[in-house]
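# A structural walkthrough
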Amino acid sequence: MKIIIFDDDPTGSQTVYGCPLLLDWDEQTLEKAFQQPSPLIFILANTRSLSSVLAVKKTKEICSSIKNFFLRQGYSKDDYFYISRGDSTLRGHGVLEPAILAEELGPFHATFHIPAFLEGGRTTEKGIHYLNGIPVHKTDFGRDHIFGFSTSNLAKWIEEKSFGKIEAKNILHVDIEKLEMAFNHEDGFVSLVSFFSQLENNISVVVDAKLPHHLETLARAIKAVSKEKRFLFRTAASFINSLSGLPPNPKSTADLVSLKSKNNEFKYKPGLIIVGSHVKLATNQLEVLLKDNSCEGLEIHVSELADIFALEDCKKLILELENNLLSRIDNIYKAKKIPVLYTTREEMKFSSHSIRMKFGLELAEFMAILVGKITNKLGYIISKGGITTQLLLQRGLNFNQVILKGQILPGLSIVQNNSDQNNLPVVTFPGNLGNEKTLLESFRLMEYHS
């Protein structure tokens, strides 16, 4: 049974491999994806970059394309698992998006909320979601300017994000004790399956997870009732791996790094790093990276770009800025260094969230188009930040789908288009992943490991 994942940014495939990631959802692209042997199809909806109104519009548009495709192919929407993949630190439209999927692709008997991302230290216990042992609402992610929240209790979080439409008291909970019993004893597994078989009316269910076998046991029980029950999932990346049951990736880190593009002399071309994410961790990682003498930073001044975008006729000034930056990138390569293209770290203030999000997309598109003009010089790209990466793949490299090759570090994927014209590998680096040295480590892997 194929698993269709609606991914709210392009980094949610960070625990799996060998599957298509779609940047378009026309019939030809969908048909090509469904012919792939992988059980997984990721649709990169990029809804985390959109206002709630636009996120609803895009989700409905994708669902409409899928339903029309199914109708023409003679497929049934009931024959697939559907996952709304969201952020493991609870940012994004975490209640709205599964609600729209339920309207468009339902009915479902339950919606499971499973934000655990074990590879990144995100766990859930007693219904509370943690980041490295800290309740996630107490971290910088909980204070996000757009998607912030006041509680790490997932039932209360769902109530908060649904504006009271889904009350915490009506939300069910699969705790670790129940999963441990199901893992260790056949009677416990039968009890879990029985619990799932009684779910009705798209009830919300919160799931604990601290260890891989919790999610594997959950997936096994869900599959046991899949013929009689239809479930929807809002999850982070770890559960996708458990539900798909993929074996370990046969490709090693060396295999993945060797995907770098070569010049006419069969030597690896140099890389490029772009950093768009503004979370504190991304800024810390950037500071560590720029201390490496092999790299040279190139800052894009966000306030300058905002002033240019605000002009009625801004094309000439944008072109001048592009040419200036391209010239400076050339000089960095001549100095035998790797350019690190990054946006000003201080966040600008905007009069509304929707204006802020619109500017974020314009900024990411500017960076994407800039990088797209020099891809013939590059051996690889490391792209930090979900929106930045989505626009790079879509607008900078003009891909309508990519193939996920695997991870060079836990949660850090490498994708490739596999076309004759442009098979430049891109490392998709979530804004919230790793520690302060992870960006530097990924650069050293891609640049020096072979």
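Here, every reference points to the structure presented above.
This is a predicted model, so every value here is computed, not measured. (Residues numbered from 1 in each chain as written. Predicted model: local features only at pLDDT ≥ 70, side-chain atom pairs only at ≥ 80, totals over all residues. Heavy atoms only, no water.)

### Things to note about the packing of helix α1 (residues 27-34) against helix α2 (residues 52-73)
Between α1 and α2, the shortest axis-to-axis distance is 10 Å and the interhelical angle comes to 70 degrees. With respect to their mutual orientation, α1 and α2 come out roughly perpendicular. Crossing of α1 against α2: the hand is right-handed. Judged by residue contacts, E27, L30, E31 and F34 of α1 engage S65, I66, F69, F70, R72 and Q73 from α2. (Axes fitted to C-alpha atoms, helices over the stretch in contact; angles between N-to-C directions. Helix = DSSP H or I, 4+ residues; strand = E, 2+ residues; numbered from the N terminus. Parallel < 35°, antiparallel > 145°, perpendicular 65-115°, else oblique. Left-handed = near helix turned anticlockwise from the far one by under 90°. Contact = heavy atoms within 4.5 Å.)

### What about the packing of helix α11 (residues 302-309) against helix α12 (residues 315-334)?
Contact geometry of α11 with α12 gives a least axis separation of 9 Å together with a crossing angle of 150 degrees. Compared by their axis directions, α11 and α12 come out roughly antiparallel. For the element pair α11 and α12, the recorded crossing hand is left-handed. Contacts between α11 and α12 involve E304, L305, I308 and F309 from the former and L317, I318 and L321 from the latter.

### Points about the side chain of R345
By secondary structure assignment, the location of R345 is in the loop between β14 (338-343) and α13 (353-372). Although R345 lies buried, it forms no salt bridge, and the closest oppositely charged side chain, E299, sits 7.1 Å away as judged by the N-O distance. At 3.0 Å, the side chain of R345 and the backbone oxygen of T343 are in polar contact. When near neighbours in sequence (up to four residues on either side) are disregarded, R345 contacts V275, G276, S277, H278, A282, T283 and L286. (Buried < 20%, exposed > 50% of the residue type's maximum accessible area, 1.4 Å probe, protein only. Lys, Arg positive; Asp, Glu negative; His and termini not counted. Salt bridge = Lys/Arg side-chain N within 4 Å of Asp/Glu carboxyl O. Polar contact = N/O pair within 3.5 Å; in protein donor to acceptor, adjacent residues only side chain to side chain.)

### Remarks on the pattern of salt bridges
Proximity of charged atoms lets side chains of opposite charge pair with each other. One pass over the full model with this rule turns up 22 salt bridges. Between D87 and R91 there is a salt bridge, and its shortest N-O distance comes to 2.8 Å. Given the relative accessible area of 10%, R91 is considered buried. Members of the salt-bridge network, linked through shared partners, are D7, D8, D9, R48, R85, D87, R91, E97 and R234.

### Examining the state of the cysteines
Summed over the entire model, instances satisfying the criterion amount to zero disulfides. Unpaired in this structure, C19 has its nearest cysteine sulfur neighbour in C63, at a distance of 19 Å. Residue C19 is classed as buried on the basis of its relative accessible area of 0%. (Disulfide = S-S within 2.5 Å.)

### A closer look at unusual backbone geometry
Of the consecutive residues G106 and P107, the connecting peptide bond is found in the cis state with omega at 10 degrees. For P107, the location among the structural elements is in the loop between α3 (96-105) and β5 (110-114). Here the phi dihedral of N132 falls at roughly 50 degrees; this positive angle occurs in a residue that is not glycine. Of note, N132 is situated in the loop between β7 (128-131) and β8 (134-135). Residue N132 is classed as exposed on the basis of its relative accessible area, which comes to 60%. Unlike most non-glycine residues, F266 shows phi in positive territory, near 60 degrees.

### Section: α13
Helix length check: α13, at 20 residues, gives a terminal C-alpha distance of 28 Å against a target of 28 Å (1.5 Å per residue), a fit within 8%. Within the span of α13, buried status applies to R356, M357, F359, L363, A364, F366, M367, A368, L370 and V371. (Expected span 1.5 Å × (residues − 1).)

### Some thoughts on the nonpolar core
One recurring pattern in soluble globular proteins is that nonpolar side chains are buried together. With 76 residues, the main nonpolar core has F112, F196 and F239 as its most contacted residues. Per element, the largest residue contribution to this core is seven residues, and it comes from α12. When residues no more than four places from it in sequence are discounted, the contact partners of F112 are F196, L199, V205, V207, F231, L232, F233 and R234. (Core = buried A, V, L, I, M, F, W, Y, C linked by side-chain atoms within 4.5 Å.)

### Points about the packing of aromatic side chains
Taken as a whole and assessed by the stated rule, the structure comprises 19 aromatic pairs. Both rings, one in F70 and one in Y80, keep their centres 4.9 Å apart while their planes meet at 15 degrees; by these two values the pair is stacked. Here F70, found in helix α2, pairs with Y80, found in the loop between α2 and β4 (81-85); they are ten residues apart in sequence, far enough to count as distant. Residues F70 and Y80 agree in their burial class; the two are buried. By way of ring pairs, the aromatic residues F81, F112, F195, F196, F231, F233 and F239 are connected into one cluster. Positioned over the ring face of F189 is R220, at 3.9 Å from the centre of the ring. For the cation-ring pair, K260 lies above Y268, with the distance from its terminal atom to the ring centre recorded as 4.4 Å. (Phe/Tyr/Trp six-rings, centres within 6.5 Å; stacked < 30°, edge-to-face > 60°. Lys NZ or Arg CZ within 6 Å of the ring centre and 35° of its normal.)

### What to know about helix α8 (residues 237-244)
The buried fraction of α8 amounts to seven of the eight residues, a majority that puts the element mostly inside the structure. Within the span of α8, buried status applies to A237, S238, F239, I240, S242, L243 and S244. One or two positions beyond α8, positive phi appears at G245, with a value near 65 degrees.

### Observations regarding the pairing of strand β10 (residues 203-207)
The buried fraction of β10 amounts to four of the five residues, a majority that puts the element mostly inside the structure. The pairing of β5 with β10 spans four bridges and is classified as parallel. Its bridge partner being in β10, A110 is matched across the sheet by I203. Bridging between strand β9 (residues 172-174) and β10 involves three bridges; their strand directions are parallel. Looking at the pairing, V174 lines up with V207 of β10. (Pairing = 2+ DSSP bridges.)

Purely spatial values, then, with no claim about function.
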